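Structure assessment
Residue-level listing of the chains:
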Amino acid sequence: MKLLLKIFAAYSVLPLISQSLMDLFAGIVVLVVLWRLRPIKIASQTQTHFSDNDKNKQNFYWKPLSIKTWNGLEKIFLVWLLVVALGLLTHFQSTQFVLNKLFEFKWVLVLYATAELFQFIQPSSKLLMPFLKTLCILIVVGLFVFFTGWRFENPWHFPGMFETEIRAGGIFGNYMTFSHLFAIYWTLIFGIFLRFYSKLNRKEFIWILFFLILGFLNLILTFTRGVWISLAVTIMVGVFLANWRKALGIVLIFGMMASISYFEIPYVKERIADTQKEYYGESERKSLWIANIEIFKTSPLYGVGYGQNKDLLPEYFKKLGISDKTIISHAHNQYIHLLAGTGILGLLCYLIFWAFFFINAMCLCFMRRSLDLWDSGLLLVSILAIIGFMIVS
């Protein structure tokens, strides 16, 4: 059990540090869970008496593989995988490319393995403080990297803020990955705080408040507008679901922090001004959306192949008269990106996946009187995390 807790602790914070380390520990989690779920030879209680020599022998049987987290989504995952395979094969590039894209769906295996891991370790409030302290360390180091310009590859050089990067991006300066992942972590702790703040002791209260304030500043300094919108919505929804009268002061605190950031940090004001310009005029983001919609029209049912819409962008930029200097990347909208790559069927599978968890969580939310305080807190956290992720997508 201690080994499982160590694996879970490392696995839970690695996405903020390194994608490669996260993949490594995800593989370890899968292997550990498969080992614990393996069929086991168990002795039965009945004895056999076929002869005098067999009097002390016992019958044995194999305990079958037991997965507790089957939830009805298995058919959706199967359909989703078939849709993706169909799109890739009908717009074939290479066998290696198809296999690589299908292998990306290993996240389904990781999802079930993680759910089974929760069955083994039974998360409780005892895990909160170690998890929180680890996140605080990562925030402090990330802000140190941002303000000093320090980098692992050149540890004795401190060029200063904005000399290497103008957006906070955690330990390795990858602001897009960091901001989208850390926003979910921040939402998790925020949800716990909303539900438990009256039950926290002084030490827990100080640590959580320190994390929320410093983490909020960190997310503002990533200058990622989608994350800002996601945070605003999750804060309001969280306060409404928890107890809006008692938690109104929390909204005011973060509202003041956002206002101060707008007036005191020039780049925040610049990012908001850019958003207004892009909304009323042209932008690379709009060009990506338009091109991906046109790609979708060529194969609306199952798409042009998962991830292959990105490779088709230069061709469609030329057809649509869009500048060839426009960035070639993800559609900057998960729904449009999946629509172009996997068609209506693929996007439908994606939406069903998230709707399944959201609807179940909301149903439980209205029945939370039957839940204890910790479980109802985790339920609120889950709802906020889903809302935040769907908005930032």
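Residues numbered from 1 in each chain as written. Predicted model: local features only at pLDDT ≥ 70, side-chain atom pairs only at ≥ 80, totals over all residues. Heavy atoms only, no water.

1. Examining the overall build of the protein
A tally of helices and strands in the protein yields 15 helices and 2 strands. Burial statistics for the protein: of 393 residues in total, 42% are counted as buried. For the protein, long-range pairs separated by at least 24 residues make up 69% of all intrachain contacts whose partners lie at least 6 apart in sequence. Surface exposure of the protein reaches about 22400 Å², of which carbon and sulfur atoms provide 66%. (Helix = DSSP H or I, 4+ residues; strand = E, 2+ residues; numbered from the N terminus. Buried < 20%, exposed > 50% of the residue type's maximum accessible area, 1.4 Å probe, protein only. Contact = heavy atoms within 4.5 Å. Areas by Shrake-Rupley, 256 points an atom, 1.4 Å probe, with all protein chains shown as cover.)

2. Quick word on helix α8 (residues 202–221)
Its 20 residues give α8 an end-to-end C-alpha distance of 29 Å, which sits within 8% of 28 Å, the value for a rise of 1.5 Å per residue. Looking at α8, one finds that the buried residues are Ile-208, Phe-211, Leu-212, Leu-214, Gly-215, Phe-216, Asn-218, Leu-219, Ile-220 and Leu-221. Backbone nitrogen of Lys-203 and a side-chain oxygen of the N-cap are separated by 3.1 Å at the start of α8; the cap is Asn-201. Positive phi shows up at Phe-223, right after α8, with a value of about 55°. (Expected span 1.5 Å × (residues − 1). Polar contact = N/O pair within 3.5 Å; in protein donor to acceptor, adjacent residues only side chain to side chain.)

3. Re the confidence of the model for the protein
Within the protein, residue pLDDT values average 77, and 77% of them lie at 70 or more. The low-confidence segment residues 46–58 (pLDDT under 50) makes 11 contacts with residues lying over four places distant or belonging to another chain. (pLDDT = per-residue confidence, 0-100.)

4. Details of the pattern of salt bridges
A complete count under the given rule lists 3 salt bridges for this structure. Its salt-bridge partner being Lys-319, residue Glu-315 comes within 3.3 Å of it at the nearest N-O pair. Separated by 4 residues within a single helix, Glu-315 and Lys-319 lie in helix α13 (residues 309–320), roughly one turn from each other. (Salt bridge = Lys/Arg side-chain N within 4 Å of Asp/Glu carboxyl O.)

5. Regarding the packing of helix α12 (residues 284–298) against helix α14 (residues 334–365)
At a minimum axis separation of 8 Å, α12 and α14 run at an interaxial angle of 10°. Here α12 is positioned roughly parallel relative to α14, judged by the angle of their axes. Every residue of α14 that contacts α12 at Trp-289, Asn-292, Ile-293, Ile-295 and Phe-296 is listed here: Ile-336, Leu-339, Ala-340 and Ile-344. In terms of residue class, the contact of α12 with α14 is made up of 8 nonpolar, 1 polar and no charged. (Axes fitted to C-alpha atoms, helices over the stretch in contact; angles between N-to-C directions. Parallel < 35°, antiparallel > 145°, perpendicular 65-115°, else oblique. Nonpolar A, V, L, I, M, F, W, Y, C, P; charged D, E, K, R; others polar.)

6. Structural notes on helix α6 (residues 128–148)
Taking 1.5 Å as the rise per residue, α6 with 21 residues should run 30 Å; its terminal C-alpha atoms sit 30 Å apart, in good agreement. Positive backbone phi, at 75°, marks Gly-149, one or two positions downstream of α6.

7. Considering empty space enclosed by the protein
Vacant regions in the atomic arrangement are exposed by a probe of water-molecule size rolled over the atoms. One pass over the structure, following the stated rule, counts 2 cavities of 30 Å³ or more. A volume near 50 Å³ is recorded for the second largest cavity. Around the second largest cavity sit His-180, Ala-183, Ile-184, Thr-187, Ser-230, Leu-384, Ala-385, Gly-388, Phe-389 and Val-392, which together line it. For the lining of the second largest cavity, the secondary structure elements donating two or more residues are α7 (175–196) and α15 (373–392). Residue classes in the lining of the second largest cavity are distributed as 6 nonpolar, 4 polar and no charged. (1 Å grid on protein atoms, 1.4 Å probe; cavity = no way out; pocket = protein on both sides within 12 Å on 5 of 7 lines; lining within 4 Å. Points joined across faces, edges and corners; volume = space filled by probe spheres on them.)

8. Things to note about the packing of aromatic side chains
The full count for this structure, using the stated rule, is 23 aromatic pairs. Aromatic side chains Trp-80 and Phe-105 sit 5.5 Å apart centroid to centroid with 85° between the ring planes, which places their arrangement in the edge-to-face category. Separated by 25 residues along the polypeptide, Trp-80 in helix α3 (residues 74–90) and Phe-105 in the loop between α4 (95–103) and α5 (106–121) bring together distant segments of the chain. Here the two residues Trp-80 and Phe-105 agree in accessibility, since each one is buried. Their ring planes at 85° and their centres at 5.2 Å tell us that Phe-356 and Phe-357 sit as a pair that is edge-to-face. Residue Phe-356 is classed as partly exposed on the basis of its relative accessible area of 27%. A relative accessible area of 28% means that Phe-357 is categorised as partly exposed. Across from the ring centre of Tyr-306, 5.5 Å away, lies the NZ or CZ of Lys-101, which sits over that ring. (Phe/Tyr/Trp six-rings, centres within 6.5 Å; stacked < 30°, edge-to-face > 60°. Lys NZ or Arg CZ within 6 Å of the ring centre and 35° of its normal.)

9. Some points on the nonpolar core
Within the largest apolar cluster, 51 residues are counted, with the highest numbers of intra-cluster contacts made by Trp-186, Ile-189, Phe-190, Phe-211 and Leu-212. Among the secondary structure elements, those contributing two or more residues to this core are α6, α7, α8, α9 (225–242), α10 (244–264), α14 and α15. Here this core takes 11 residues from α7, the largest share from any one element. Filtering out sequence-adjacent residues up to four positions away, Trp-186 remains in contact with Phe-211, Leu-212, Gly-215, Phe-216, Leu-219, Leu-231, Ile-235 and Phe-254. Counting residues in hydrophobic clusters, the runner-up holds 29 residues, among them Ile-76, Leu-88, Ile-295 and Tyr-316. (Core = buried A, V, L, I, M, F, W, Y, C linked by side-chain atoms within 4.5 Å.)

10. Considerations on the environment of Trp-289
Its location among the elements puts Trp-289 in helix α12. Take Trp-289: its relative accessible area is 30%, and that puts it in the partly exposed class. C-alpha separation for the pair Trp-289 and His-330, spaced 41 residues apart in sequence, amounts to 9.7 Å.

11. Things to note about the packing of α6 against α7
Packed helix pairs are characterised by how far apart their axes lie and by the angle those axes make with each other. Relative to each other, α6 and α7 sit at 140°, their axes nearing to 12 Å. It follows from the interaxial angle that α6 and α7 lie oblique. Considering only the axes of α6 and α7, their crossing is left-handed. Every residue of α7 that contacts α6 at Leu-128, Phe-131, Leu-132, Leu-135 and Ile-139 is listed here: Phe-182, Tyr-185, Ile-189 and Ile-192. (Left-handed = near helix turned anticlockwise from the far one by under 90°.)

12. Side note on the environment of Phe-144
By secondary structure assignment, the location of Phe-144 is in helix α6. A sequence separation of 24 residues divides Phe-144 from Ala-168, and the C-alpha atoms of the two residues are 9.6 Å apart.

13. A word on the side chain of Thr-224
Tracing the sequence through the fold places Thr-224 in the loop between α8 and α9. The buried category is assigned to Thr-224, whose relative accessible area is 5%. Those residues in contact with Thr-224, other than ones at most four positions away along the chain, are Arg-167, Tyr-175, Met-176, Ser-179, His-180 and Arg-271.

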